[in-house]
Amino acid sequence: MSPQVTFKSSEDKVPQEGALVDSAGRTVGTAPRLCDAVRPPYTPSHGDPPSTMPQAPVGLEDLGAAAALRVVGPYREKWLQGMQSGDLAAAPYGGAVPGAFLGGKGRLVAVGLLWRRRDEVIVTTEPHRLEALRAHLDALLIMEDCELQQAPGLRRLRWWPGDAPPRDVPPQITGIREPLGFELLLPEAEAQSLLETLRDRPRPDLAEAFRIAVGEPRWGAELGEETTPIEAGLDRMLSFAKGCYVGQEVVAMATYRGRVAWNLVRLEVTGAAPAPGTSLGEGGKGRITSATQVGGGALLLGYVHKELIVPGSAVALPDGRAARVLGLPYGSLPGAGVCA
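Criteria and cut-off values
- Residues numbered from 1 in each chain as written.
- Predicted model: local features only at pLDDT ≥ 70, side-chain atom pairs only at ≥ 80, totals over all residues.
- Heavy atoms only, no water.
- 1 Å grid on protein atoms, 1.4 Å probe; cavity = no way out; pocket = protein on both sides within 12 Å on 5 of 7 lines; lining within 4 Å.
- Points joined across faces, edges and corners; volume = space filled by probe spheres on them.
- Helix = DSSP H or I, 4+ residues; strand = E, 2+ residues; numbered from the N terminus.
- Nonpolar A, V, L, I, M, F, W, Y, C, P; charged D, E, K, R; others polar.
- Phe/Tyr/Trp six-rings, centres within 6.5 Å; stacked < 30°, edge-to-face > 60°.
- Buried < 20%, exposed > 50% of the residue type's maximum accessible area, 1.4 Å probe, protein only.
- Pairing = 2+ DSSP bridges.
- Axes fitted to C-alpha atoms, helices over the stretch in contact; angles between N-to-C directions.
- Contact = heavy atoms within 4.5 Å.

Caption draft 1: Molecular detail of the layout of surface pockets. Space inside the largest pocket adds up to approximately 770 Å³. Looking at the largest pocket, it is lined by 36 residues, and the ones nearest its centre are R177, E178, P179, R236 and Y330. Listing elements by their share of the lining of the largest pocket, those giving two or more residues are β3 (96–102), β8 (176–178), β9 (181–187) and α4 (204–214). The leading source of residues in the lining of the largest pocket is β8, at three residues. Here the lining of the largest pocket is composed, by residue class, of 25 nonpolar, four polar and seven charged. Put simply, the second largest pocket is a space of about 660 Å³.

Below you can see the structure in the form of structure tokens.
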């Protein structure tokens, strides 16, 4: 049986004329432009930064043909508000918001970006999650006045900013600032033109090291079908203002009642990087999910028991070393930010 979704009113999240306003009543600005993108300083939302940050990658990364679904129809935004955890109303036209698509038990089906346009919304996700997401949404699209379609001919790019904005890029190219850079969704021809203009490419090893350092979870490492968004620290994908969505009750319970036993954290340890899968702490339930070597030490992501999320906590490794907890992932706070 499909999960039930309710809305505050029949007008809830239906596009209105005039200025855009998010679900908390705040005015939505214009979409950020690629030509203005610079690398912001890294300040963790919780705890401490690593003792040594890895070198920041710079350049335009080609993420490949977009795994994308197009949603059209007059009630597309209202329907999508009930299908995922982010606030689509907060997205400017030409921009996007991140969102987590959950099953009825609050576990992840997929994570992605919802790109808001005046006559459609494009949902992008990881290629290996597209079919699962399509099937999930198909089952929930029953009588709504909107339609789910394939969205071919689009390409995803990521600009890893430097200290200065990129040169010679069209001023009309907009996107969304995400933890790993400036995300873009462009028609294939425009994407290829931009790849010709911005020829620097980020080193994959630096990109992965930076991801681990700031604590951005990745599907297949930190995220999977048994993961809940609170465990993984996906606070930036959670709206507490927009009303109900599939899996929302489980998220709310975990947030306000603290019913999450394990949390993803950032850690560091002196010496060689332990392999992903290495146990963390006593009992064997904690585990390292990602690791990278930075100088004479290693930066880690891993799941630990909730009592160990306090920055500075020591977590035992099987080889006798102790990893130090730095804090929660990018954008995360204890209690999803509502009871920090």
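Caption draft 2: Seen up close, the packing of aromatic side chains. According to the stated counting rule, one finds two aromatic pairs in the structure shown. On the basis of an interplanar angle of 80° and a centroid distance of 6.0 Å, the ring pair of W160 and F210 is categorised as edge-to-face. Taken together, the residues span a long stretch of sequence, with W160 in strand β7 (residues 154–160) and F210 in helix α4 at a distance of 50 residues. In this pair, the class of W160 matches that of F210, namely buried. Plain terms: the ring middles of F240 and Y256 are 6.0 Å apart, the flat faces sit at 85° to each other, and that makes the pair edge-to-face. Taken together, the residues span a long stretch of sequence, with F240 in the loop between α4 and α5 (248–257) and Y256 in helix α5 at a distance of 16 residues.

Caption draft 3: Expanded view of the pairing of strand β12 (residues 286–294). Note that strand β11 (residues 279–280) and β12 share two bridges and pair antiparallel. What sits directly across from S279, in β12, is R287. Between β11 and β12, which follow one another and run antiparallel, lie five residues, and G281 among them has a positive phi close to 80°. The antiparallel hairpin formed by β12 and strand β13 (residues 297–305) contains two residues in its connecting segment, where G295 sits at a positive phi of about 65°.

Caption draft 4: Summary view of the sheet that holds strand β6 (residues 147–150). Reading across from one edge, β3-β4-β5-β2-β6 is the order of the five strands in this open sheet, with antiparallel pairing throughout. At either margin of the open sheet sits one strand with a lone partner, and together these are β3 and β6. Neighbour-to-neighbour, the strand axes of the sheet open up by a mean angle of 30°, direction not taken into account. Looking at chain direction, β3 and strand β4 (residues 108–116) are connected through seven bridges and run antiparallel. Its bridge partner being in β4, A100 is matched across the sheet by V111. In the packing of helix α2 (residues 130–140) onto the sheet, the strands contacted are β2 (67–72), β3, β4, β5 (121–125) and β6, and the crossing angle to β2 comes to about 20°.

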